[in-house]
Amino acid sequence: MISYVPDVPDIIIPPELLPSDGRFGSGPSKVRPATIDALAGVATTYMGTSHRQRTVKSQVGRVRAGMRQLFSLPDGYEVVLGNGGTTCFWDAATFGLIQEQSQHLSFGEFSSKFAACAKAAPHLKDPQVIESEVGTHPTAQADPSVDLYALTHNETSTGVSMPIRRPQGAAAPIDGGGLVAVDATSGAGGLRVDPAEFDAYYLAPQKCFAGDGGLWIALLSPAALDRVERIAASGRWIPMFLDLKTAVDNSVLDQTYNTPALATIFMLAEQLDWMNENGGLEWTATRCDRSAEILYTWAEQSGFARPFVENPADRSHVVGTIDFVDAVDAAAVAAVLRANGIVDTEPYRKLGRNQLRMAMFPAIEPDDIASLCACINHVVGALAD
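Calculation rules
Going along each chain's sequence as written, the residues are numbered from 1 onward. Local features in this predicted model are restricted to residues whose pLDDT is 70 or higher, and side-chain atom pairs enter the listing and the counts only when it is 80 or higher, whereas totals over whole chains, interfaces and linings include all residues. Values shown for side chains rest on all heavy atoms present in the structure; no hydrogens or waters enter the calculation. For salt bridges, the criterion is a side-chain nitrogen of Lys or Arg within 4 Å of an Asp or Glu carboxyl oxygen. The helix count covers DSSP runs of H or I at least four residues long, the strand count covers runs of E at least two residues long, and both are numbered beginning at the N terminus. Only protein chains enter the calculation, and the probe is 1.4 Å; a residue is then buried if its accessible area is under 20% of its type maximum, exposed if over 50%, and partly exposed in between. Both site types are read off a 1 Å grid over the protein atoms alone. A 1.4 Å probe that fits but cannot get out defines a cavity, while an open set with protein on both sides within 12 Å along at least five of seven lines defines a pocket; lining residues have an atom within 4 Å of a point. Grid points are joined across faces, edges and corners, and a volume is the space filled by probe spheres set on the points. With axes taken as lines fitted to C-alpha atoms, and helix axes fitted only over the stretch in contact, angles between N-to-C directions fall between 0 and 180 degrees. Any angle that falls under 35 degrees is termed roughly parallel, while one over 145 is termed roughly antiparallel, one within 65 to 115 roughly perpendicular, and all others oblique. Crossings are sorted by hand: turned counterclockwise from the far helix by less than a right angle, the near helix makes the crossing left-handed, and turned clockwise it makes it right-handed. Contact criterion: two residues are considered in contact whenever any of their non-hydrogen atoms come within 4.5 Å of each other. Under the convention adopted here, Pro, Cys and the residues Ala, Val, Leu, Ile, Met, Phe, Trp and Tyr are nonpolar, Asp, Glu, Lys and Arg are charged, and Gly plus all remaining residues are polar.

Colleague: Can you help me understand the pattern of salt bridges in this one?
Modeller: Close approach of charged atoms allows side chains of opposite charge to pair. Counted by the stated rule, this structure contains 24 salt bridges. Between Lys245 and Glu229 there is a salt bridge whose closest N-O contact spans 3.4 Å. Taken together, the residues span a long stretch of sequence, with Lys245 in helix 6 (residues 244-251) and Glu229 in helix 5 (residues 222-233) at a distance of 16 residues. On the accessibility criterion, Glu229 (37% relative accessible area) is partly exposed. For Asp323, the salt bridge is made with Arg353, and the minimal N-O distance between the two is 2.7 Å. Note that Asp323 is positioned in strand 11 (residues 319-324) and Arg353 in the loop between helix 9 (330-339) and strand 12 (355-359), a separation of 30 residues in sequence. The buried category is assigned to Asp323, whose relative accessible area is 4%. A residue is classified by how much of its surface remains accessible, and Arg353, at 34% relative accessible area, is partly exposed. A single salt-bridge network, built from bridges that share partners, covers Arg306, Glu310, Asp323 and Arg353.

Colleague: Explain the environment of Leu148 to me, please; I cannot follow it from the model alone.
Modeller: Within the secondary structure, Leu148 is located in strand 4 (residues 148-152). When its relative accessible area of 0% is taken as the criterion, Leu148 is described as buried. When the C-alpha atoms of Leu148 and Ile98 are compared, they prove to be 5.9 Å apart, with 50 residues separating the residues in sequence.

Colleague: When you look at empty space enclosed by the protein in this model, what are you seeing that I'm missing?
Modeller: Space left empty within the atom packing is revealed by a probe, the size of a water molecule, rolled over the atoms. Considering all chains together, one arrives at 2 cavities of 30 Å³ or more under this definition. In this model, the largest cavity occupies a volume close to 110 Å³. As for the largest cavity, its lining consists of 15 residues, of which Gly82, Trp216, Phe241, Ala247 and Tyr257 are closest to the centre. Mapped onto the lining of the largest cavity, the elements with two or more residues apiece are strand 1 (78-83) and helix 6. Counted as a void, the second largest cavity has a volume near 50 Å³. Along the walls of the second largest cavity sit Trp90, His104, Leu105, Phe110, Ser111, Phe114, Ala150, Leu151, Thr152, Asp183 and Tyr202, which together make up its complete lining. Counting only elements with at least two residues in the lining of the second largest cavity, the list comes to strand 2 (102-106) and strand 4.

Colleague: Whenever I open this one, the packing of helix 8 (residues 280-301) against helix 10 (residues 366-384) confuses me. Can you help?
Modeller: Axis angle and axis distance: for two packed helices, these are the angle between their axes and the distance between the axes, and together they describe the pair. Orientation of helix 8 relative to helix 10, taken along the N-to-C sense of each, is 15°, at an axis distance of 8 Å. Classified by the angle between their axes, helix 8 and helix 10 sit roughly parallel to one another. With respect to the hand of their crossing, helix 8 and helix 10 are arranged in right-handed fashion. Here Arg287, Arg290, Ser291, Ile294, Leu295 and Trp298 of helix 8 come into contact with helix 10, specifically with Pro366, Ile369, Ala370, Cys373, Ile376 and Asn377.

Colleague: Explanation requested: the layout of surface pockets in the structure shown.
Modeller: Its volume calculated, the largest pocket comes out at about 400 Å³. Forming the walls of the largest pocket are 26 residues, and the residues nearest its centre are Ser26, Gly27, Phe110, Thr156 and Lys207. For the lining of the largest pocket, the secondary-structure elements that each account for two or more residues are helix 3 (85-96) and strand 5 (154-155). For the lining of the largest pocket, the per-class residue count stands at 6 nonpolar, 12 polar and 8 charged. Taken together, His153, Ser161, Met162, Pro163, Ile164, Leu191, Arg192, Asp289, Ala313, Arg315 and His317 form the lining of the second largest pocket.

Structure follows, in structure tokens:
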């Protein structure tokens, strides 16, 4: 049913064109109805119970085991959880992972934020920041003075993804080289990654993991765990809420230091089971590949749209950004889509482009991406008329 939205053209999309689910937001993401049904099923036995008791700790353990399986973590890696989301983890890493100086790749709104945290920290040297134009990504440069390289797997604001590899020529952490810390908030679970290429792969569950925010999860290598221990023993002042050693010590007990949002934990566990039972990371990444192929092929063949990211190798397979010609008002298209129940296709606000941005996370059906493209065609044609 069409919703009334002031100042939006009265265009009704034919029901046969509509996707089965109209949620295409880049975070918070679509939550699978099966997850909500499962949560309702534990409403009286899990929700509202102690996070220090087995009922909740078993779900934290389920999350940790699911992450280990999904990412095929080698022996010695730990799955660590804490409250506060990715923004909180940047602060925690500034206290507990960077020894003296970090290097950051900055190519959009979110990849620049960790660098800002490091620069503001009075106990650290100013970070090295390597920037590139939006729509592209830079490359890390090996430097013996750098003890942490901060990469971003997927820049949510622009729809650029980058392969995760240790900087060419950099010494391994075991030989005194820098750790590789990867912001994987919107990429983890939908993009392939080799654990040998990172020391900290951190994320939040409101994107590929189809849940709510307010939680961070970090996959930490033995080198990262050793760094956490050494910094904690150094006497550096660290707020308890941001203390990674505290987070590690609690996580290995299948709990969090502070009371977590129990629904968030449970929904993440449900999504991990769904991913792993269907084939794991290769299955989810292939699913996202299919959605991306549909979206970008449609845009390239369209007479009024094109992928914003010029290099096909840099185009994200979990968040797509599509530019429109000046004659087509993307904001009007998004408004009509929203009035027809297709929501959150608006571009990232600070990018300021005439474009749409849509998620292609694993929970989103590839067929729904095809339906979205058909709906855009209909709306653009109706606006032109």
